[in-house]
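Architecture at a glance
Take a look at the letters that make up each chain.
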Amino acid sequence: IVAHAEYVLIEPVAAEVAVVVADRHQGRGLGTRLVEHLTTGAAAAGVTRFVASVHPDNDAMLRVFTRRFGATVRQFGDEARAMFELAPPALRDAA
């Protein structure tokens, strides 16, 4: 297994997303592509928001969440929480 991503509902319309990419395969866009696929399926299922717990030193994943998905990030001790809204399928398809 090179990479894995999943989401778990934490509220009726919110889910926590988790991504792991093997060290030697990081930096190739795999995490970004996996999150993109998850957002598509989750939005179609009625999820409107993703949250993620990220180690604050994981600059690469924090950049993915903020730059690609427009996440806001808050620090809570030794954990950063990224949160972003998912585009409804109709808006995403129109773009």
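A few points on the structure. Per chain, the residues get numbers from 1 upward, laid out in the order the sequence is written. Whole-chain, interface and lining totals are the exception, using all residues; otherwise, since this is a predicted model, local features are given only for residues with pLDDT of at least 70 and side-chain atom pairs are given and counted only at 80 or more. No hydrogens and no water enter the side-chain calculation; it runs on all heavy atoms of the structure.

**Here's the deal with the packing of helix α1 (residues 30-44) against helix α2 (residues 59-68)**
One way to put it is that α1 packs onto α2 with a least axis distance of 10 Å and a crossing angle of 45 degrees. Taken as axis vectors, α1 and α2 run oblique relative to one another. Here α1 runs over α2; the crossing is right-handed. Contacts between α1 and α2 pair Thr32, Val35 and Glu36 from the former with Met61, Val64, Phe65 and Arg68 from the latter. For this classification, the nonpolar set comprises Ala, Val, Leu, Ile, Met, Phe, Trp, Tyr, Cys and Pro, the charged set comprises Asp, Glu, Lys and Arg, and every other residue, Gly included, is treated as polar. Among the residues making up the contact of α1 with α2, the classes are represented as four nonpolar, one polar and two charged. Lines fitted to C-alpha atoms define the axes, with helix axes restricted to the stretch in contact, and inter-axis angles between N-to-C directions lie between 0 and 180 degrees. In DSSP terms, a helix is any run of H or I states spanning at least four residues, a strand is any run of E spanning at least two, and both are numbered starting from the N terminus. Throughout this description, any angle smaller than 35 degrees is read as roughly parallel, any larger than 145 degrees as roughly antiparallel, any in the 65 to 115 degree range as roughly perpendicular, and the remainder as oblique. Throughout, a crossing is termed right-handed when the near helix is turned clockwise from the far one, and left-handed when it is turned anticlockwise from it by less than a right angle. Two residues qualify as a contact provided that any one of their heavy atoms is within 4.5 Å of a heavy atom in the partner residue.

**Considering the sheet that holds strand β4 (residues 72-76)**
Strand pairing is defined by DSSP finding a minimum of two bridges between the two strands. Taken together, five strands build an open sheet; the order of strands is β1-β2-β3-β5-β4 and the sheet is mixed. The sheet is open, and its two borders are formed by β1 (3-11) and β4, each paired with just one other strand. The mean angle between the axes of side-by-side strands here comes to 25 degrees, regardless of whether they run parallel or antiparallel. When strand β2 (residues 14-21) meets strand β3 (residues 49-54), the two strands line up parallel, connected through three bridges. Bridged to alanine 15 within β3 is phenylalanine 50. Where α1 meets the sheet, its contacts fall on β1, β2, β3 and β5 (79-85), and the angle it forms with β1 comes to roughly 35 degrees.

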